Amino acid sequence: MSIQELIKDRRTIRKFNTQPLSQETILELMNIAVWAPNHKLREPWRFICAADMESKARLADHIA
């Protein structure tokens, strides 16, 4: 697929699937994401993965 086709076919999806992703899939996506363009070339990338509701709640409490 050409870059033109990728750009033209890109869509924003606001309805998400509730099925969880495997840890392997999440890690693969994070490794791919570091290749995405970034604002003013500020690196390194940092990711936080909160896989379950308890982790999300603890993360939200920590941030708050």
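The structure this text deals with has already been given above.
Residues numbered from 1 in each chain as written. Predicted model: local features only at pLDDT ≥ 70, side-chain atom pairs only at ≥ 80, totals over all residues. Heavy atoms only, no water.

Student: Summarise the overall build of the protein chain; cite the residues concerned and give the values.
Tutor: Each helix and strand counted, the protein chain has three helices and zero strands in total. Each helix (α) and strand (β) of the protein chain, taken in turn from the N terminus, gives the series α-α-α. In terms of overall size, the protein chain is more extended than a compact globule, its C-alpha atoms giving a radius of gyration of 15 Å where 64 residues would be expected to give roughly 11 Å. When the backbone C-alpha atoms are referred to their principal axes, the protein chain occupies close to 40 × 30 × 25 Å. (Helix = DSSP H or I, 4+ residues; strand = E, 2+ residues; numbered from the N terminus. Rg over C-alpha atoms; globule rule 2.2 N^0.38 Å.)

Student: Tell me about the layout of surface pockets, and please be specific about residues and values.
Tutor: Gaps left between atoms are located by rolling a probe of water-molecule size over the structure's atoms. Empty space within the largest pocket amounts to approximately 250 Å³. Forming the boundary of the largest pocket are T18, Q19, P20, L21, I26, C49, A50, A51 and K56. Considered class by class, the residues forming the lining of the largest pocket number six nonpolar, two polar and one charged. (1 Å grid on protein atoms, 1.4 Å probe; cavity = no way out; pocket = protein on both sides within 12 Å on 5 of 7 lines; lining within 4 Å. Points joined across faces, edges and corners; volume = space filled by probe spheres on them. Nonpolar A, V, L, I, M, F, W, Y, C, P; charged D, E, K, R; others polar.)

Student: I'd like to hear about helix α3 (residues 53-63), residue by residue, with values.
Tutor: Among the eleven residues of α3, one are classified as buried, and the element is accordingly described as predominantly exposed. The N-cap residue of α3 is D52: its side-chain oxygen and the backbone nitrogen of E54 are 3.2 Å apart. (Buried < 20%, exposed > 50% of the residue type's maximum accessible area, 1.4 Å probe, protein only. Polar contact = N/O pair within 3.5 Å; in protein donor to acceptor, adjacent residues only side chain to side chain.)

Student: Before we move on, could you go through the environment of N17 and cite the residues and values that matter?
Tutor: Relative to the helices and strands, N17 resides in the loop between α1 (3-9) and α2 (23-33). A polar contact is formed between the side chain of N17 and the backbone nitrogen of Q19, at a distance of 2.8 Å.

Student: An account of a nonpolar patch on the surface is needed here, citing residue identities and associated values.
Tutor: A grouping of M1, I3, L6 and I7 is seen on the molecular surface, where their side chains present a nonpolar patch of about 490 Å² in accessible area. Under the relative-accessibility criterion, I7 is labelled exposed at 60%. (Patch = residues over 30% accessible without salt bridge, like charges linked within 9 Å, V, L, I, M, F, W, Y side chains within 5 Å. Areas by Shrake-Rupley, 256 points an atom, 1.4 Å probe, with all protein chains shown as cover. Salt bridge = Lys/Arg side-chain N within 4 Å of Asp/Glu carboxyl O.)

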